[in-house]
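Commentary on secondary and tertiary structure
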Amino acid sequence: MASITLVQKNKSKGIRTWYARVPDSRGVHFYSLGTTNKTEAKAVLQERIREGAYDARDERSTMTLGEAATRFEGYQRAKGSKSSSIDTILQAVNMLEPLFGCVVSELATKDISDTFMAAAESLSPTTYRNRKTILSTFFKYVVEVLELIPGNPVPKAIPRRKMVKPVRFFWTREQIDRILAESPTPHHRLLYSFMAFAGLRVSEALAMTPEKIYGKEIHVVGKGDKFATIPVSPRLQREIDRCPPPWDFHYNRATLKKVCSRAIPEGFPGVAHAHRFRHSFGSNLIREGVNIKVVQTLMRHENIQLTLDIYGHLLDTDPKDALEKVFA
């Protein structure tokens, strides 16, 4: 292979991106290295050369989808992607495993579509969308780096899946009181209370200790390692007083299911799980007329749209009823 060099081919236009200049029998080709930092560009270039990304086209013309997937994994590792991200990438790419023995340049769009749709049958809409996005990134690599096909097939091959808004159920305050009364131990009761009366997630409630309560505030590090303070309501304080430390929390879904079946023998829609306590916390605030912005703060939602999407159905939505309520 002729010498591959590092260049800034559009520097005169003010574009500082580094490119790999690759000469071969068909002429000279330029491949973006995706960075304006020369040191990073050198590292990416060397990794791509080791991968064989710039091998002559005739040397890659028989590359299979499985071989391309292996190179893509190596490319992600060379970039320093987190192992958890690589695991997610592999889950998406491996959905096309039945096609791994096929030559990439001979793959039909329908083959990709049929294989993906068969593997995606049980996926939730969110997971489906994420897997599609990852596959699009994979095929972009196949197009732009490996040059095995002329265009990304994913947008045409894989259709959108309509996002179905999940139905969320909650327990009323009276039902929660009955659940607490049936709790097998004081520790179970307090664990459920932290979720029902402070909106803690189950992982946050399980990690609660007396040291995380300062005066009348809970200090918690929640989702995304974000720190927050949550006021301790009089109702929660009574539950804390009932269960002196040290606390020994354990969560078992089967135990909660048995507790709820005893507490609410008439039954209830949905299923009994820990997150339902948190959803009930937000729902009961809304039902008591608490300002939606305050609910967002207490639920620790990043934006108010998320709060509205989850709890909007509990708000007054009939204009006529609203007018009669205010201006009767």
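These figures come from a predicted structure and were not determined experimentally. (Residues numbered from 1 in each chain as written. Predicted model: local features only at pLDDT ≥ 70, side-chain atom pairs only at ≥ 80, totals over all residues. Heavy atoms only, no water.)

1. Describing the overall build of the protein
Rules: For helices the rule is a DSSP run of H or I covering at least 4 residues; for strands it is a run of E covering at least 2, with both sets numbered from the N terminus onward. Just to be clear, the radius of gyration here is over C-alpha atoms, and the globule rule we use is 2.2 Å times residues to the power 0.38. Any residue under 20% of the maximum accessible area for its type is buried, any over 50% is exposed, and the rest in between are partly exposed; the area is computed with a 1.4 Å probe on protein chains only. By definition, residues are in contact when any of their heavy atoms lie within 4.5 Å. Shrake-Rupley sampling with a 1.4 Å probe provides the accessible areas, and residues are treated as covered by the protein chains on show and by no other component.
A count of helical and extended segments in the protein gives 16 helices and six strands. Here the protein has a C-alpha radius of gyration of 28 Å; the compact-globule value for 328 residues is 20 Å, and the former is much larger. Viewed in the frame of its principal axes, the protein has a C-alpha envelope of about 80 × 50 × 40 Å. Here the protein, with 328 residues, has 41% of them falling under the buried criterion. When contacts within the protein are restricted to residue pairs at least 6 apart in sequence, those whose partners lie at least 24 apart make up 54%. Accessible surface computed for the protein: about 18,800 Å², of which carbon and sulfur atoms make up 53%.

2. A look at the sheet that holds strand β6 (residues 227-231)
Hydrogen bonds between backbone groups are what pair the strands of a sheet, and the pairing can be parallel or antiparallel. What counts, and what does not: Two strands form a pair only when DSSP identifies at least two bridges running between them.
Pairing in this open sheet of three strands is antiparallel, and the strands run β4-β5-β6 from one edge to the other. Only two strands of the sheet have a single neighbouring strand rather than two, namely β4 (213-214) and β6. Pairing analysis gives two bridges linking β4 to strand β5 (residues 217-221), with the strands arranged antiparallel. What sits directly across from Ile-213, in β5, is Ile-218.

3. Quick notes on unusual backbone geometry
Of the consecutive residues Pro-245 and Pro-246, the connecting peptide bond is found in the cis state with omega at 0 degrees. Note that Pro-246 resides in the loop between α11 (234-242) and α12 (253-263). Phi at Glu-147 is positive, roughly 55 degrees, even though this residue is not glycine. Turning to its location among the elements, Glu-147 is positioned in the loop between α6 (125-144) and α7 (154-157). The residue Arg-300 is not glycine, and still its phi comes out positive at about 60 degrees. In this fold, Arg-300 is placed in the loop between α14 (292-299) and α15 (304-311).

4. Thoughts on the packing of aromatic side chains
What counts, and what does not: Stacked, tilted and edge-to-face pairs are distinguished by plane angle, under 30 degrees for stacked and over 60 for edge-to-face with tilted covering the rest, among Phe, Tyr and Trp rings (Trp via its six-membered ring) whose centres lie within 6.5 Å.
Taken as a whole, this structure holds 12 aromatic pairs when the rule is applied. Taking 5.8 Å as the distance between ring centres and 80 degrees as the angle between the ring planes, the aromatic pair formed by Trp-171 and Phe-268 counts as edge-to-face. Placement of Trp-171 in the loop between α7 and α8 (173-181) and of Phe-268 in the loop between α12 and α13 (275-287) is noted, with a sequence separation of 97 residues between them. Residue Trp-171 is classed as buried on the basis of its relative accessible area of 0%. Following the ring pairs from residue to residue traces out a cluster consisting of Phe-72, Tyr-75, Phe-138, Phe-139 and Tyr-141.

5. Some details on the packing of helix α9 (residues 186-198) against α11
Applicable threshold: Every axis corresponds to a line fitted to the C-alpha atoms, with the helix fit spanning only the stretch in contact, and the corresponding angles, defined between N-to-C directions, vary from 0 to 180 degrees. Every angle not falling under 35 degrees, over 145, or within 65 to 115 is termed oblique; those three ranges are roughly parallel, roughly antiparallel and roughly perpendicular. Handedness of a crossing is defined here by the sense of rotation of the near helix relative to the far one, left-handed for an anticlockwise turn of less than a right angle and right-handed for a clockwise turn. Gly is put with the polar residues, along with every residue not named as nonpolar or charged; the nonpolar set is Ala, Val, Leu, Ile, Met, Phe, Trp, Tyr, Cys and Pro, and the charged set is Asp, Glu, Lys and Arg.
Between α9 and α11, the shortest axis-to-axis distance is 10 Å and the interhelical angle comes to 165 degrees. Comparing the axis directions of α9 and α11 gives the class roughly antiparallel. Our pair here, α9 against α11, has a crossing hand that is left-handed. Here Arg-189, Leu-190, Ser-193, Phe-194, Phe-197 and Ala-198 of α9 come into contact with α11, specifically with Arg-235, Leu-236, Glu-239, Ile-240 and Arg-242. In terms of residue class, the contact of α9 with α11 is built from six nonpolar, one polar and four charged.

6. Re the pattern of salt bridges
The criterion, for reference: Salt bridge, as applied in this entry: a Lys or Arg side-chain nitrogen positioned within 4 Å of an Asp or Glu carboxyl oxygen.
Counted according to the given criterion, the structure contains 12 salt bridges. One salt bridge connects Glu-239 with Arg-235, and the closest N-O pair in it is separated by 2.6 Å. Here Glu-239 pairs with Arg-235, and both are found in helix α11, just four residues apart, close to one helical turn. Overall, the relative accessible area of 3% leaves Glu-239 in the buried class. One salt-bridge network, in which partners are shared between bridges, spans Asp-177, Arg-189, Arg-235, Glu-239 and Arg-242.

7. Side note on a positive patch on the surface
Under the convention used in this document: Distance thresholds for patches are 9 Å for like charges and 5 Å for nonpolar side chains (Val, Leu, Ile, Met, Phe, Trp, Tyr), applied to residues having over 30% relative accessible area and no salt bridge. In this charge count, Lys and Arg are treated as positive and Asp and Glu as negative; neither His nor the chain ends contribute. In plain terms, the charge of a residue is placed at NZ if it is Lys, CZ if Arg, CG if Asp and CD if Glu.
A surface patch of positive charge is lined by Lys-11, Arg-16, Lys-38 and Lys-42. Looking at the secondary structure, you find Arg-16 in the loop between β1 (5-7) and β2 (19-24). The exposure class assigned to Arg-16 is partly exposed, which follows from its relative accessible area of 44%.

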